[in-house]
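Chain by chain, the residues:
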Amino acid sequence: MQRRAKFFVIEGLDGSGVTTQAERLKNWLDKRGYEVSLTKEPTDGPVGALIRLHLARRLFFEKAKDSFAPLDDYTLALLFAADRMDHLNNVILPRLDSGIIVISDRYYLSSLAYQSLKLDLGWIKQMNSNCMRPDLTLFIDVPAQISKKRIERQRWHVELYEDIEILERVQQSYLKIIRELLLEGEKIKIINGNQPVQKVHSEVTNAIKKALSKTGVRSLEQLTYLPDS
Ligand code: TMP
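Reading the values: rules and limits
- Residues numbered from 1 in each chain as written.
- Predicted model: local features only at pLDDT ≥ 70, side-chain atom pairs only at ≥ 80, totals over all residues.
- Heavy atoms only, no water.
- Buried < 20%, exposed > 50% of the residue type's maximum accessible area, 1.4 Å probe, protein only.
- Helix = DSSP H or I, 4+ residues; strand = E, 2+ residues; numbered from the N terminus.
- Arc of directions from axis to C-beta.
- Contact = heavy atoms within 4.5 Å.
- Core = buried A, V, L, I, M, F, W, Y, C linked by side-chain atoms within 4.5 Å.
- Near = heavy atom within 4 Å.
- Polar contact = N/O pair within 3.5 Å; in protein donor to acceptor, adjacent residues only side chain to side chain.
- Areas by Shrake-Rupley, 256 points an atom, 1.4 Å probe, with all protein chains shown as cover.
- Axes fitted to C-alpha atoms, helices over the stretch in contact; angles between N-to-C directions.
- Parallel < 35°, antiparallel > 145°, perpendicular 65-115°, else oblique.
- Left-handed = near helix turned anticlockwise from the far one by under 90°.
- Nonpolar A, V, L, I, M, F, W, Y, C, P; charged D, E, K, R; others polar.

Peer 1: How should helix 2 (residues 46–55) be read in this particular structure?
Peer 2: In an α-helix, one full turn covers 3.6 residues, which means residues spaced three or four apart are oriented alike. Taken together, the buried positions of helix 2 are V47, G48, I51, H54 and L55. For helix 2, the arc enclosing every buried residue in end-on projection is 115°, short of the 170-degree limit, so these residues lie on one face. Buried residues along helix 2 sit against helix 3 (73–97). Following helix 2 by one or two positions, R57 has its phi on the positive side, about 55°.

See below:
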């Protein structure tokens, strides 16, 4: 049986350039003759569609006359986990099993970083504990201010997690959880996203080259760029 292909994840704040870097990485691998598939969360599957309606503030429950409430945080966290399980079983694993490299634009690290702002991190970890660990997660690290400016340039509407205070908290949450996961042996590289797109891309591809090579990435030192703060 063919060996399972590598599974890479790109993560970061909204506006950090995750989608751009994931697309560039796919093109880079395509050009080198790899079979590669780019996918994202929330997905375009049935659960992902519900999540997107919620994020765009278009999904409300009428509590009383003229009083509407969005989905509660627990339900949303469960939906992200359900969307991920569907994504994993129906998209990611079948492709990996047929030898195709998969790049996912967001995965469970997003749930750990975003949903733990309001909910217990242990519960969110538990809910996602049956999800396959990626071979490498790349975290594109940009300051919240920069992320906010980029969002404003790109969008005409603001989604749920795009206020500056929330972005700052998500940023801190990502960095704290990444440190914990590194200690648990997960392969995560933090890349400075506050540099020209091409420079970020070359750091992304350097990390991927190491992960694809036989020796892989061996130590935390090799894996980690720690930001100044
Ligand atoms: P996107 O802008 O990359 O499409 O992601 C939509 C938003 O959903 C973004 O603000 C991050 C958030 N999100 C979570 O809060 N938890 C998750 O598990 C995922 C995958 C995304």
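Moving on from the coordinates now.
Peer 1: What is the right way to read the nonpolar core from this model?
Peer 2: Generally speaking, a soluble globular protein has its nonpolar side chains buried in company with each other. In this structure, Y107 and I208 are the most contacted members of the largest nonpolar core, which totals 54 residues. Once residues lying within four places of it in the same chain are set aside, the contact partners of I208 are F8, L25, W28, L29, L136 and L138. V47, L55, L76 and F80 belong to the second largest nonpolar core, which has six residues in total.

Peer 1: What am I meant to see in the site of the ligand here?
Peer 2: Among the 15 residues in the neighbourhood of the ligand, the closest are listed as D14, R84, R106, S111 and Q115. One of the side-chain nitrogen or oxygen atoms of K40 is found 3.1 Å away from an oxygen atom of the ligand. Within the side chain of R84, a nitrogen or oxygen atom sits 2.8 Å from an oxygen atom of the ligand. Look at the ligand: alone it shows 480 Å² of surface, and the protein chains cover 95% of it. Put simply, the parts of the chain that give the shell around the ligand at least two residues each are helix 2, helix 3 and helix 4 (108–115). When residues of the shell around the ligand are assigned to their parent elements, the largest contribution, four residues, is made by helix 4.

Peer 1: Please explain the packing of helix 4 against helix 7 (residues 164–183) as it appears in this structure.
Peer 2: Two numbers describe a pair of packed helices, the interaxial angle and the distance between the axes. At their nearest, the axes of helix 4 and helix 7 sit 8 Å apart, and the two run at 125° to each other. With respect to helix 7, the axis of helix 4 lies oblique. Crossing of helix 4 against helix 7: the hand is right-handed. Here L109, S110, L112, A113 and Y114 of helix 4 come into contact with helix 7, specifically with V170, S173, Y174, I177, I178 and L181. Among the residues forming the contact of helix 4 with helix 7, the class breakdown is nine nonpolar, two polar and no charged.

Coordinates in, geometry out; function isn't part of it.
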